[in-house]
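# Inside the fold
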Amino acid sequence: MKFGTKAIHAGQQPDPTTGAVMTPIYQTSTYAQASPGDHKGYEYSRGTNPTRKALEDCIAALENGRFGLAFSSGMGATDAIMKLLKPGDEVITGNDLYGGSYRIFTKIFSNYGIKFHFIDFSNPENVLSYINENTKQIWIETPTNPTMQIIDIKAVSAIAEKHNLLLTVDNTFASPYLQNPLDLGADIVMHSVTKYIAGHSDVVMGAIVVNDEELYKKLWFIYNACGATPGPQDAFLALRGIKTLHLRMKAHCENGEKIAAFLKNHPKIDKIYWPGFTDHPNHQVAKEQMNGFGGMISIVLKGADLKETFKVASSFKVFTLAESLGGVESLINHPATMTHGSIPKEEREKVGVTDNLLRLSVGVEDIEDLLVDLEQALK
Ligand SMILES: *Cc1c(COP(=O)(O)O)cnc(C)c1O
């Protein structure tokens, strides 16, 4: 089946008891058993719930994977993946990372004896000098947040495979519509479902997709044992959102391209980060591994200090100043103080997250209104 058909149907059949076309919200914590252990595959909703199962199967299908797991947030999913590790293990990850990922690595898992290396993945070979006998995982995000670096997933997965390391790709920014890391050799795909997949800024959720059954069983054990699983109401909302993922992503890409072109030579803008530009350092890799360049764009305001940057950020009428991304509505974010506030100033400035950087999540509104709004705010 093709992507749009899977987005609408995968994991879902009319409800066997009533014929309801939409997957019901199974608002139940527990399930009747005929005799101890004799049940229909559902025992207790921390571990299994039919609404959540439909969502998990749907997301797995969109990532061309065999097994999906939904979590109560993207960070819940990240937490579960890190719990595959033991004290003494090492992880190699990117130097331009979602702030919450950086925070959980450095402030939580570092305390449990896990060591993290934050490196530049623009040349995948860079990873080689960090691999030793304790290295267990590589964790990458591409496009990166917020500077839209592109990491060659195939090249990194070849290195991971050769050294027997698990490769996780945080695929939140691309969504399964634009990029399928498992097809490129990754072992684990992680999503903040909160963003493009659910797409309407009305639910917080995470997901993991894998192909390997043993790995799935280990992750399911952590999911059930630690309990960061979402309720059925949120699973229903995410399932509903997914049905238009392909339509939304096409519109995000179209609007993104027009806005990137408009901002590229704008006199108020010093630098713009978007992988669709032919002069983006890894444009060719993006072209090969993605089905489009998306609607995430970061801009550096020319000569602006923090105060002037705040002024621009607060001047939008259609874009909303808010954290998060990937919803139908356009958002603007100031990474240095908002999404990336937990990264020390010297660390974030090294990768270009300066005080005058703004990140746009281009929504699916009419492009004319978005362009007018950008022009007046920059003025
Ligand atoms: C938002 C986000 C997360 C965290 O997901 P939550 O659903 O907010 O917990 C992780 N990675 C990326 C790239 C994100 O944008």
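Residues numbered from 1 in each chain as written. Predicted model: local features only at pLDDT ≥ 70, side-chain atom pairs only at ≥ 80, totals over all residues. Heavy atoms only, no water.

## Looking at helix α7 (residues 213-226)
The end-to-end C-alpha distance of α7 is 20 Å, a good match for the 20 Å that 14 residues give at a rise of 1.5 Å each. Within α7, burial applies to Leu215, Leu219, Ile222 and Tyr223. Looking straight down α7, one finds its buried side chains confined to an arc of 100 degrees; they lie on one side. What points out from α7, more than 90 degrees from its buried face, is the exposed set Glu214, Phe221 and Ala225. On its buried side, α7 packs onto α2 (50-62), β1 (67-71), α3 (74-82), β5 (166-170), β6 (188-192) and β7 (206-210). Near the N-terminus of α7, the side chain that reaches the backbone nitrogen of Glu214, with its oxygen 3.2 Å away, is that of Asp212. (Helix = DSSP H or I, 4+ residues; strand = E, 2+ residues; numbered from the N terminus. Expected span 1.5 Å × (residues − 1). Buried < 20%, exposed > 50% of the residue type's maximum accessible area, 1.4 Å probe, protein only. Arc of directions from axis to C-beta. Contact = heavy atoms within 4.5 Å. Polar contact = N/O pair within 3.5 Å; in protein donor to acceptor, adjacent residues only side chain to side chain.)

## Here's the deal with the nonpolar core
If you look at the biggest cluster of nonpolar residues, it comprises 44 residues, and the most contacted ones within it are Leu55, Ile59, Leu178, Val193, Met205 and Ile242. Of all the secondary structure elements, the ones that give two or more residues to this core are α1 (3-9), α2, α6 (175-178), β7, α8 (232-242), α9 (245-264), α10 (283-289) and β9 (296-301). Looking at which element gives the most residues to this core, the answer is α2, with 7 residues. Both domains that furnish three or more residues to this core are identified here as domain 1 (3-242) and domain 2 (245-378). Sequence-distant contacts of Leu55, that is, excluding residues within four places in its chain, are made with Ala70, Met205, Ala235, Ala238, Leu239 and Ile242. (Core = buried A, V, L, I, M, F, W, Y, C linked by side-chain atoms within 4.5 Å. Domains from an automatic or database assignment.)

## Here we look at the packing of aromatic side chains
The description of an aromatic ring pair uses the distance of the two centres, along with the angle that the planes make with each other. Applying the stated criterion to the full structure yields 13 aromatic pairs. Here Tyr102 and Phe118 contribute two aromatic rings whose centre-to-centre distance is 5.0 Å and whose plane-to-plane angle is 45 degrees, an arrangement assigned as tilted. With Tyr102 in helix α4 (residues 99-108) and Phe118 in strand β3 (residues 115-119), this pair connects stretches of sequence that are 16 residues apart. On the numbers, 6.3 Å between centres and 45 degrees between planes, the contact of Trp220 with Tyr223 is tilted. You can see Trp220 and its partner Tyr223 sitting in helix α7, 3 residues apart, about one turn around the helix. With a relative accessible area of 1%, Tyr223 lands in the buried category. Here a set of aromatic residues connected by ring pairs shows up, and it is made of Tyr102, Phe105, Phe116, Phe118 and Trp139. (Phe/Tyr/Trp six-rings, centres within 6.5 Å; stacked < 30°, edge-to-face > 60°.)

## Some details on α8
Every buried residue of α8 is accounted for by Pro232, Ala235, Ala238, Leu239, Gly241 and Ile242. The secondary structure elements touched by the buried residues of α8 are α1, α2 and α9.

## Comments concerning the pattern of salt bridges
Scanning the model with the defined rule gives 10 salt bridges in all. In this structure, the salt-bridge partner of Lys345 is Glu349, at a minimum N-O distance of 3.3 Å. Taken together, the residues span about one helical turn, with Lys345 and Glu349 both in helix α12 (residues 345-350) at a distance of 4 residues. Members of the salt-bridge network, linked through shared partners, are Lys345, Arg348, Glu349 and Asp355. (Salt bridge = Lys/Arg side-chain N within 4 Å of Asp/Glu carboxyl O.)

## Details of the site of the ligand
Inspection of the region around the ligand gives 14 residues, with Gly74, Asp170, Ser192, Thr194 and Lys195 positioned closest. Compared with its free state, where it exposes 380 Å², the ligand has 93% of that area covered by protein. Those elements giving two or more residues to the shell around the ligand turn out to be α3 and β6. When its residues are assigned to classes, the shell around the ligand shows 6 nonpolar, 5 polar and 3 charged. (Near = heavy atom within 4 Å. Areas by Shrake-Rupley, 256 points an atom, 1.4 Å probe, with all protein chains shown as cover. Nonpolar A, V, L, I, M, F, W, Y, C, P; charged D, E, K, R; others polar.)

## Some thoughts on the domain arrangement of the protein chain
Segmentation of the protein chain into domains returns domain 1 (3-242) and domain 2 (245-378). The gap between the C-alpha centroids of domain 1 and domain 2 is 25 Å. In this assembly, 43 residues from domain 1 lie in contact with 42 residues from domain 2. Taking both sides of the interface into account, the surface hidden between domain 1 and domain 2 amounts to around 3300 Å²; carbon and sulfur atoms contribute 62%. Among the residues of domain 1 in contact with domain 2, Tyr177, Leu178 and Tyr196 are the three that bury the most area, contributing 24% of the side total. Across the domain 1-domain 2 interface, the total number found is 0 salt bridges. Elements supplying a minimum of two residues to the side of domain 1 that touches domain 2: α1, α4, α5 (153-162), α6 and α8. (Buried area = accessible area lost by both parts, 1.4 Å probe.)

## As for the packing of α3 against α4
Their axes nearest at 11 Å, the elements α3 and α4 cross at an angle of 35 degrees. Crossing handedness for the pair α3 and α4: right-handed. Taking contact as the criterion, the partners of Met75, Thr78, Asp79 and Met82 in α3 are, on α4, Gly100, Ser101, Ile104 and Phe105. (Axes fitted to C-alpha atoms, helices over the stretch in contact; angles between N-to-C directions. Left-handed = near helix turned anticlockwise from the far one by under 90°.)

## Observations regarding the sheet that holds strand β12 (residues 357-361)
Pairing is mixed across the open sheet formed by 5 strands, whose spatial order is β8-β9-β12-β11-β10. With one partner strand each, in any of the chains shown, β8 (269-273) and β10 (320-321) form the two edges of the open sheet. (Pairing = 2+ DSSP bridges.)

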